[in-house]
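# Secondary and tertiary structure notes
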Amino acid sequence: MTDSPERDARHNARMARKKAVVDEKIAAADTARGVLLVNTGNGKGKSSAGFGLVARALGHGMEVGVVQFIKGRSDTGEEAFFRQQPRVQWHVMGDGFTWETQDRARDVASAEAAWAVAKQLLENPAVGLVVLDELNIALKYGYLDVNTVVADLLARPVDQHVVVTGRAAPPELVAAADTVTEMGLTKHAFAAGIQAMAGMEF
């Protein structure tokens, strides 16, 4: 389809206005520091997005730490891949999904042990990115004190980035975060009876 000169001119004018707005926002963004990201919501992809940032950070030569709350399996594709990378510390600290364990005391103990490892990463300025996978679930069930967690996150080294994943991010964490992404569920294969498969869900 060939556009008319008038349509081309309108498009160019619109893009020029858009560029001016974007350039102004870029110029105004004059602060460089670590950011706190929260991936939450009922949709698929919260952890996957966090692991994508692990790849991005490694590409820039950064040290990375991953702590997995709740999750207990060690046969995931992401762990198998990232454990081969020399600049990644990977910690699987959960005992499995809460409906599987059915043991609150055990889940609390596992979450506290995981947070102790997370704190070590959050206190280390050499670690450029920390991923706290499914931390939101541990907070949702009260396995950890949200105010303590937020205080520790805010006390981290100034240039360190953190990604927190999991459904039902608490309001205190949302308020403290720099970027919050709510992933919505439109459709999921599991609802149609399609089982979790390697390379997709784990």
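Right, let's talk about the overall build of the chain for a bit. Per the secondary structure count, the chain includes eight helices and six strands. When the helices and strands of the chain are read in sequence order from the N terminus, they spell out α-β-α-β-α-β-α-α-β-α-α-β-α-β. Restricting to contacts in the chain with at least 6 residues of sequence separation, those with at least 24 account for 78%. When the accessible surface of the chain is summed, it comes to about 11,900 Å², and 55% of that surface belongs to carbon and sulfur atoms. If the 22 positive side-chain charges of the chain are averaged to one point and the 25 negative ones to another, these points end up 7 Å apart.

Locating Leu122 in the fold gives a position in helix α5 (residues 104–122). Given a relative accessible area of 3%, Leu122 falls into the buried group. Ignoring any residue separated from it by four or fewer positions in sequence, one finds Leu122 in contact with Trp115, Val130, Asp152, Leu153, Arg156, Pro157, Gln160 and Val162.

What follows concerns the packing of aromatic side chains. Under the criterion given, the structure shown has five aromatic pairs. Ring plane angle 15° and centroid distance 5.9 Å describe the contact between Phe82 and Trp90, whose orientation is recorded as stacked. Using a relative accessible area of 4% as the deciding quantity, one classes Trp90 as buried. The interplanar angle of 25° and the centroid separation of 5.8 Å between the aromatic rings of Tyr141 and Tyr143 together place this pair among those described as stacked. A connected cluster of aromatic rings, assembled from ring pairs, spans Phe51, Phe81, Phe82 and Trp90.

Bringing helix α7 (residues 146–154) into the picture now. All buried positions along α7 are accounted for by Val146, Val149, Val150, Asp152 and Leu153. Taken end-on, α7 shows its buried residues confined to a sector of 160°, consistent with a single buried face. Away from its buried face by more than 90 degrees, α7 exposes Asn147 and Leu154. Looking at the buried side of α7, the elements it contacts are β1 (36–40), α5, β4 (127–133), α6 (135–140), β5 (161–165) and α8 (171–176).

What follows deals with the sheet that holds strand β6 (residues 179–182). Working definition: the strands of a sheet are paired by backbone hydrogen bonds and lie parallel or antiparallel to each other. In space, the six strands of this open sheet follow the order β3-β2-β4-β5-β1-β6, with parallel pairing throughout. Two strands lie at the open edges of the sheet, namely β3 (88–92) and β6, each paired on one side alone. On average, each strand axis in the sheet is tilted by 10° relative to the strand beside it, whichever way the strands run. Relative to β3, strand β2 (residues 63–68) is paired through five bridges, and the arrangement is parallel. Counted as the bridge partner of Val64 is Val88 from β3. Its contacts with the sheet place α5 against β2, β3, β4 and β5, and it is angled at close to 165° to β2.

Attention shifts here to the environment of Val164. Within the element layout of this structure, Val164 appears in strand β5. Given a relative accessible area of 0%, Val164 falls into the buried group. On a C-alpha basis, the gap between Val164 and Ala111 in space is 14 Å, while along the polypeptide they are 53 residues apart. Residues contacting Val164, with those up to four places away along its chain left out, are Leu36, Leu37, Val38, Asn39, Leu132, Leu135, Asn136 and Leu173.

What follows concerns the nonpolar core. Within soluble globular proteins, side chains that are nonpolar tend to cluster in buried spots. Judged by nonpolar contacts, the single largest core of 31 residues is most densely connected at Phe69, Trp115, Leu132, Leu135, Leu144 and Leu153. The biggest single contributor to this core is α5, with eight residues. Here Leu153 is in contact with Leu36, Trp115, Leu122, Leu132, Val162 and Leu173, once residues within four sequence places are set aside. Listed in part, the 13 residues of the second largest apolar core include Leu37, Trp90, Leu129 and Val131.

Rules and cut-offs
- Residues numbered from 1 in each chain as written.
- Predicted model: local features only at pLDDT ≥ 70, side-chain atom pairs only at ≥ 80, totals over all residues.
- Heavy atoms only, no water.
- Helix = DSSP H or I, 4+ residues; strand = E, 2+ residues; numbered from the N terminus.
- Contact = heavy atoms within 4.5 Å.
- Areas by Shrake-Rupley, 256 points an atom, 1.4 Å probe, with all protein chains shown as cover.
- Lys, Arg positive; Asp, Glu negative; His and termini not counted.
- Charge placed at Lys NZ, Arg CZ, Asp CG, Glu CD.
- Buried < 20%, exposed > 50% of the residue type's maximum accessible area, 1.4 Å probe, protein only.
- Phe/Tyr/Trp six-rings, centres within 6.5 Å; stacked < 30°, edge-to-face > 60°.
- Arc of directions from axis to C-beta.
- Pairing = 2+ DSSP bridges.
- Axes fitted to C-alpha atoms, helices over the stretch in contact; angles between N-to-C directions.
- Core = buried A, V, L, I, M, F, W, Y, C linked by side-chain atoms within 4.5 Å.

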